[in-house]
Amino acid sequence: MTAHQSELLRSGLDNFLMIGDVYRRDEIDSTHFPVFHQVDAVRSQRKEQLFQDHPGLELFEPTFDPKNPLIFENSINDPNKQSCHSLEATKLMETQLKNHLIGLVHALFGDNVKHRWVDAYFPFTHPSWELEIFYENNWLEVLGCGIVRNEILANAGPNNSIAYAFGLGLERIAMALYKIPDIRLMWSEDSGFVSQFQNKKLNEKITYKAVSSYPQCINDISFWLPSDVTIDTFTNNDFYDLVRDVGGDIIEQVKLKDKFVHPKTKKHSLCYSIIYRHLERTLTQAEVNEVHKEIEKAIVKSFNVVVR
């Protein structure tokens, strides 16, 4: 998604929204899925737009030359701003961005929704933040945002402006709006689910009603790591990817349950809980056990571990 922002900037657009698919490796739980839909937005402003009431202020530091932007070392060591931008420009853009997004959250969820800003890192913006709302007794991330890295603007053509950008996950917004408990339901073709949202008015209040409730099956898996891997260097996302590849959509959640270092052999061990649940029928423990065995075989082959 973010890569296409440069294409649109290069075409001459300075303010736009775009919608697309996002694919990424992620943890496994009720709010994470390896594919989702996102709205990206960019808003750029020149000096005369940003500082209408303060013409004496500048977008860039005196040492920055907009005519040669790419030879300037655009350091991001300062957590408050990029080294090319003036502090005034960065803070005013930050204020606009956050006010607009808080207004969006209030419009969607009401004026009483709790929200908070969390400092974050994204490769295309600096400084960067995540906006979270308090949903179902937990803080839920709904978007990431920040001040666009000036190199991106300069490479795309504009060298006399500053911009902000944000990316908004549509599935999580829908889950929070309609009280949908599991992101996997977004791909369900079950008529009992789909019919709850068909032929509805745009602003109609909808609260998801469970079609039926199927029990979880929980199996633990623990294994010794090879000698060149520790509990701190083992990549959880690799394990999550493998579990989902083998188990498919019946994998509801994977949790790291325990870390262990043997006091004598110094071998390192990890234990995960894998929660299985089908969205449309009851799973038997026997079929879950078969899938679990296939996951064990796969991790032995892929990670050279020894199942305990």
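Residues numbered from 1 in each chain as written. Predicted model: local features only at pLDDT ≥ 70, side-chain atom pairs only at ≥ 80, totals over all residues. Heavy atoms only, no water.

Asks: Help me understand the overall build of the protein chain, please; the structure alone is not making it clear to me.
Replies: Helix and strand counts for the protein chain come out as eight helices and 10 strands. Taken along its principal axes, the extent of the C-alpha atoms in the protein chain is 70 × 55 × 35 Å. A total of 308 residues make up the protein chain; the buried ones form 44% of that total. Looking at the protein chain alone, contacts between residues at least 24 apart form 61% of all its contacts between residues at least 6 apart. (Helix = DSSP H or I, 4+ residues; strand = E, 2+ residues; numbered from the N terminus. Buried < 20%, exposed > 50% of the residue type's maximum accessible area, 1.4 Å probe, protein only. Contact = heavy atoms within 4.5 Å.)

Asks: Even after reading the chapter, I still don't get the packing of aromatic side chains, so can you show me in this structure?
Replies: Inspection of every chain in the model, using the stated rule, returns 12 aromatic pairs. Between Trp224 and Phe260 the ring centres are 6.1 Å apart and the planes differ by 55°, which places this aromatic pair in the tilted class. One end of the pair, Trp224, is in strand β7 (residues 217-224); the other, Phe260, is in strand β8 (residues 251-261), with 36 residues separating them in the sequence. Judged by relative accessible area, Trp224 falls into the buried class, the value being 19%. Here a set of aromatic residues connected by ring pairs shows up, and it is made of Phe223, Phe234, Phe239, Tyr272 and Phe303. The aromatic ring of Phe134 is capped on one face by Lys114, whose charged end is 5.4 Å from the ring centroid. The ring of Trp224 carries Arg308 above its face, with NZ or CZ at 4.4 Å from the centroid. (Phe/Tyr/Trp six-rings, centres within 6.5 Å; stacked < 30°, edge-to-face > 60°. Lys NZ or Arg CZ within 6 Å of the ring centre and 35° of its normal.)

Asks: Mind showing me how you'd approach the layout of surface pockets here?
Replies: Empty space among the atoms becomes apparent when a probe as large as a water molecule is rolled across them. Reported here for the largest pocket is a volume of approximately 700 Å³. Every residue lining the largest pocket is counted, 32 residues in all, and those nearest its centre are Arg24, Gln38, Phe122, Gly144 and Gly167. Counting residues per element, the ones that place at least two in the lining of the largest pocket are α1 (2-10), β1 (15-23), β2 (35-46), β3 (115-122), β4 (125-135), β5 (138-148), β6 (161-169) and α5 (170-178). Considered class by class, the residues forming the lining of the largest pocket number 16 nonpolar, nine polar and seven charged. (1 Å grid on protein atoms, 1.4 Å probe; cavity = no way out; pocket = protein on both sides within 12 Å on 5 of 7 lines; lining within 4 Å. Points joined across faces, edges and corners; volume = space filled by probe spheres on them. Nonpolar A, V, L, I, M, F, W, Y, C, P; charged D, E, K, R; others polar.)

Asks: How do you make sense of the side chain of His85 when you look at a structure like this?
Replies: Relative to the assigned elements, His85 resides in the loop between α2 (47-50) and α3 (87-109). Residue classification places His85 among the buried positions, given a relative accessible area of 1%. When neighbours within four sequence positions are excluded, His85 is seen to be in contact with Leu59, Phe60, Glu61, Thr90, Ile147, Val148, Asn150 and Ile162.

Asks: Help me understand the pattern of salt bridges in this model?
Replies: Note on pairing: side chains with opposite charge can pair once their charged atoms come close. All chains considered together, the criterion is met by 16 salt bridges. Here Arg184 and Asp182 are joined by a salt bridge, their closest N and O atoms 2.9 Å apart. A relative accessible area of 5% means that Arg184 is categorised as buried. The partner of Lys259 in a salt bridge is Asp232, and the shortest N-O contact between them spans 4.0 Å. Of this pair, Lys259 sits in strand β8 while Asp232 sits in the loop between β7 and α7 (236-247), and the two are 27 residues apart along the sequence. Since its relative accessible area comes to 63%, Asp232 is described here as exposed. (Salt bridge = Lys/Arg side-chain N within 4 Å of Asp/Glu carboxyl O.)

Asks: Just checking my understanding: could you explain α7 for this structure?
Replies: For an α-helix the count is 3.6 residues per turn, leaving residues at separations of three or four pointing the same way. The end-to-end C-alpha distance of α7, which contains 12 residues, comes to 16 Å, matching closely the 16 Å that a straight helix rising 1.5 Å per residue would cover. Residues Phe239, Tyr240, Leu242, Val243, Arg244 and Gly247 constitute the buried set of α7. Of the surrounding elements, those touching the buried residues of α7 are β7, β8, β9 (268-276) and α8 (285-303). Of the residues flanking the end of α7, it is Gly248, one or two places downstream, whose phi is positive at about 65°. (Expected span 1.5 Å × (residues − 1).)

Asks: Any chance you could explain the packing of α7 against α8 here in plain terms?
Replies: For any two helices packed against each other, one specifies the crossing angle of their axes together with the interaxial distance. Across the interface, α7 lies against α8 with an axial gap of 9 Å and an inter-helix angle of 140°. Comparing the axis directions of α7 and α8 gives the class oblique. In terms of crossing hand, the pair formed by α7 and α8 is right-handed. Within the contact between the two elements, α7 uses Asp238, Phe239, Leu242, Val243, Val246 and Gly247 and α8 uses Val291, Glu294, Ile295, Ala298, Ile299, Ser302 and Phe303. When its residues are assigned to classes, the contact of α7 with α8 shows nine nonpolar, two polar and two charged. (Axes fitted to C-alpha atoms, helices over the stretch in contact; angles between N-to-C directions. Parallel < 35°, antiparallel > 145°, perpendicular 65-115°, else oblique. Left-handed = near helix turned anticlockwise from the far one by under 90°.)

Asks: Sorry if this is basic, but what is going on with the sheet that holds β9 here?
Replies: Sheet strands line up and pair through hydrogen bonds in the backbone, either parallel or antiparallel. Pairing in this open sheet of four strands is antiparallel, and the strands run β8-β9-β7-β10 from one edge to the other. Strand pairing shows two members of the sheet lacking a second neighbour, β8 and β10 (306-307), which therefore form its edges. With respect to the sheet, α7 is in contact with β7, β8 and β9, its orientation differing from that of β8 by roughly 140°. Across the sheet, α8 is in contact with β7, β8, β9 and β10; its angle to β7 comes to roughly 20°. (Pairing = 2+ DSSP bridges.)

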